[in-house]
Amino acid sequence: MQKSVDNKYRKLSLSRLIGLLAILLVAAVFVNALPVFGVKAELSQMVFGGYGFASIFNPADKNTEVANSQPISSIQPKPSLVIDNNYFAISPVNSFLQDWTNVSLITITNDWSGVPSVNGYRGDDAAAGTGVDPQTILQDLSTTPLSVLANQTNPNTNATGAVAEFDGIANPVVALQGSGTADFPNVDIRLNTTGCLAVNPINVRYNVRDIDGSTDNAIQQVALQYRVGNAGNYINVPTGYIADATTGPSLADLVTPVNVNLPAEVNQQGLVHIRILTTNAAGNDEWVGIDDINISCNGNATPTPTPTPAGTPTPTPTATPTPTVTPTPSPSPTPTPVPGVSVIINEVDSDTPGADTLEFVELYDGGVGNTSLNGLVIVFYNGSNDLSYAAFDLDGLRTNANGYFTLGNTLVPGVDLVFADNLLQNGADAVALYAGEGAAFPNGTAVTTTNLRDALVYDTSDADDAELLVLLNAGQAQIDENATATSATVSMQRCPNGTGGGRNTTTYLVQLPTADGINTCADPTPTPTPTPT
């Protein structure tokens with residue numbers, strides 16, 4: 001009897017199940033047909049837990065992959081790489097500026113959509129080795145993975161090779177670090193230069209910062225490149241190359257400024273790419289920040305053509321009689337002083353109040369005005385090791401109408417060429433002006449008098465540096481900016497303005513700073529006495 005009862009219930013259950021499925025089938029057809037009659041399609045999802053009849057019986061109609069039987073409404077789209085394809089239009093009154101202080105620009109890893117006209121790429125190349133010179137990497141890297149690690153906090157412990165945004169450090173920055181995967185990490189900036197005048201060179205400035213204070217001590221090379229158009233190889237800019245942008249181990253204090261004028265072919269173009277890249281170094285790579293980016297049409301170029309021919313012949317006759325009077329020394333200086341022969345260092349302020357945001361070096365052409373600085377370079381020397389720590393190529397630049405050119409921090413009045421705050425050391429150190437190219441003075445270059453035009457060796461109550469004093473003429477003194485115990489509020493300046501001659505310091509006094517203008521020399525009498533002390 002029990003067996004027959006079981007069979008009875010099995011037959012009953014089967015018939016009920018078939019009937020239930022039939023009802024569901026009819027209901028499903030009805031509900032999915034409702035939109036035809038103006039009824040909202042969402043009703044079908046309500047009836048079937050978010051799938052709808054078509055989704056159950058025709059998987060090809062699904063808009064999103066359903067995993068683990070989740071309703072469609074609960075499934076989030078997979079994160080995608082977001083690229084920015086805009087070309088920033090620069091003009092004489094509109095420069096491209098990016099210093100990364102706005103940390104809201106990058107909030108999602110590999111999403112560059114918040115940073116106008118900039119993308120970062122990982123630069124993968126399975127065939128690449130270590131220590132590759134980035135100047136030789138000219139191929140298009142935009143086909144490699146888009147890269148930016150958002151909201152990073154500690155470059156000392158982050159070992160991932162990539163492009164990264166470090167917003168958890170005191171001075172936020174986007175940085176590059178190579179690895180076995182990220183062979184050529186880079187940032188690529190897209191510009192439209194059609195608004196620049198034909199006579200205006202495109203000037204590219206930025207600071208390369210060592211932000212990695214770990215025990216790693218790699219030789220981290222950095223290169224600058226450009227491309228006109230949206231395809232093809234890049235062209236290397238030799239003067240933008242940095243042989244090693246880092247110090248170490250356990251140091252992160254090096255800032256290397258880059259200031260380069262690009263070739264004329266970059267001007268008045270609709271599609272221009274500027275690329276800054278590093279490569280996978282031998283050993284453990286270090287993070288290098290690409291900061292304070294400033295790309296512009298070089299201002300003051302419109303009036304330049306007029307004074308240029310007038311100013312050019314003036315130094316020529318001056319240089320001509322020199323070999324006639326003294327034929328022996330003439331062959332050495334004659335080839336190098338061609339550019340800006342009258343230009344000298346006129347004023348230097350290395351120690352300024354607070355965080356040193358008013359440092360500057362002022363050049364002066366004797367009042368001629370609009371003198372070309374092509375072929376000149378300013379070099380900073382560190383007295384602790386008597387090696388260079390910064391160089392600034394002045395090609396494409398010139399003095400203003402009054403004859404002054406000012407290299408300094410952003411807040412310095414009348415500044416023409418900017419370097420990072422607190423970069424100019426307080427001494428014993430030196431500033432030198434050479435005839436040459438910035439590429440000839442990579443960081444770590446030894447003191448040299450070859451092609452030297454002018455120099456100032458200075459300190460703030462420090463001992464004389466004999467190795468740096470060779471930059472001056474024999475018997476010339478090292479200048480103490482703290483001679484009046486007020487180094488933070490005074491500068492070292494020639495008094496009277498512009499006097500003394502190259503490599504001579506006898507006319508230097510410490511007075512109130514007068515950046516980009518005539519030296520005041522208000523009280524020269526008491527100053528000379530403490531200066532030699």
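The structure displayed is predicted, hence computed values, not measured ones.

### Considerations on the pattern of salt bridges
Two side chains bearing opposite charge may form a pair once their charged atoms approach each other closely. A full pass over the atoms with the stated rule returns four salt bridges. Between D291 and R209 there is a salt bridge, and its shortest N-O distance comes to 2.8 Å. Here the residue D291 occupies a position in strand β13 (residues 288-297), and R209 occupies one in strand β8 (residues 202-210), the gap between them amounting to 82 residues. Judged by relative accessible area, R209 falls into the buried class, the value being 12%. The closest approach of N and O atoms between R494 and D454, which form a salt bridge, is 3.0 Å. Placement of the pair is R494 in strand β23 (residues 491-494) and D454 in strand β21 (residues 452-459), with a sequence separation of 40 residues. Note on accessibility: R494 and D454 belong to one class, buried.

### A word on the sheet that holds β21
On the basis of which strands lie adjacent, the open sheet formed by five strands has the order β17-β16-β20-β21-β22 and mixed pairing. If you trace the sheet from one side to the other, it starts and ends with β17 (387-393) and β22 (479-480), each paired once. Across two bridges, the pairing between β21 and β22 is parallel. Looking across to β22, one finds that Y458 is bridged to I479.

### A closer look at the nonpolar core
Counting residues in each nonpolar core, the largest one holds 50 residues, and the members touching the most others are W112, I274 and I295. With five residues, the top contributor of residues to this core is β13. L363, F405, Y458 and V510 belong to the second-largest nonpolar core, a separate cluster that totals 32 residues.

### Brief notes about unusual backbone geometry
Each neighbour pair has its own omega, and for G248 with P249 the value is 0 degrees, a cis peptide bond. Its place among the elements puts P249 in the loop between β10 (235-236) and β11 (255-261). At the junction of C495 and P496, the peptide bond is cis and its omega measures out at -5 degrees in the coordinates. Structurally, P496 is set in the loop between β23 and β24 (508-511). In this model, D292 sits at a positive phi of 55 degrees, which is unusual for a non-glycine residue. Along the chain, D292 turns up in strand β13. Phi is positive for D386, close to 60 degrees, though the residue is something other than glycine. Examined against the element boundaries, D386 turns out to sit in the loop between β16 (376-382) and β17.

### Thoughts on the state of the cysteines
Scanning the entire structure with this criterion turns up one disulfide. Through a disulfide, C196 is tied to C297; the S-S separation comes to 1.7 Å. One disulfide, between C196 and C297, carries an S-S torsion of -60 degrees and so falls in the left-handed class. Taken together, the residues C196 in the loop between β7 (186-192) and β8 and C297 in strand β13 connect sequence positions 101 residues apart. The two residues C196 and C297 agree in class, both being buried.

### So, the sheet that holds strand β15 (residues 360-364)
If you trace the six strands from one edge of the open sheet to the other, you get β19-β18-β15-β14-β23-β24, paired in mixed fashion. Both edges of this open sheet fall to β19 (417-418) and β24, since each of them pairs with a single strand only.

### Observations concerning the environment of L176
Position of L176 relative to the elements: it lies in strand β6 (residues 173-177). Taking C-alpha positions, L176 is 9.5 Å from V222, a pair spaced 46 residues apart along the chain. Once you skip the residues sitting within four places of it in the chain, L176 turns out to touch A162, V163, P185, N186, V187, I276, L277, T278, E286, W287, V288 and I290.

### A short note on the confidence of the model for the protein
Model confidence for the protein is summarised by a mean pLDDT of 80, while 74% of its residues fall at 70 or above. For the stretch residues 299-340, pLDDT sits under 50, and the model shows 22 contacts to residues farther than four places along the chain or on other chains. Low pLDDT (under 50) marks residues 524-529, which in the prediction has six contacts with non-local residues, meaning those over four places away or in another chain.

Conventions used here
- Residues numbered from 1 in each chain as written.
- Predicted model: local features only at pLDDT ≥ 70, side-chain atom pairs only at ≥ 80, totals over all residues.
- Heavy atoms only, no water.
- Salt bridge = Lys/Arg side-chain N within 4 Å of Asp/Glu carboxyl O.
- Helix = DSSP H or I, 4+ residues; strand = E, 2+ residues; numbered from the N terminus.
- Buried < 20%, exposed > 50% of the residue type's maximum accessible area, 1.4 Å probe, protein only.
- Pairing = 2+ DSSP bridges.
- Core = buried A, V, L, I, M, F, W, Y, C linked by side-chain atoms within 4.5 Å.
- Disulfide = S-S within 2.5 Å.
- Contact = heavy atoms within 4.5 Å.
- pLDDT = per-residue confidence, 0-100.

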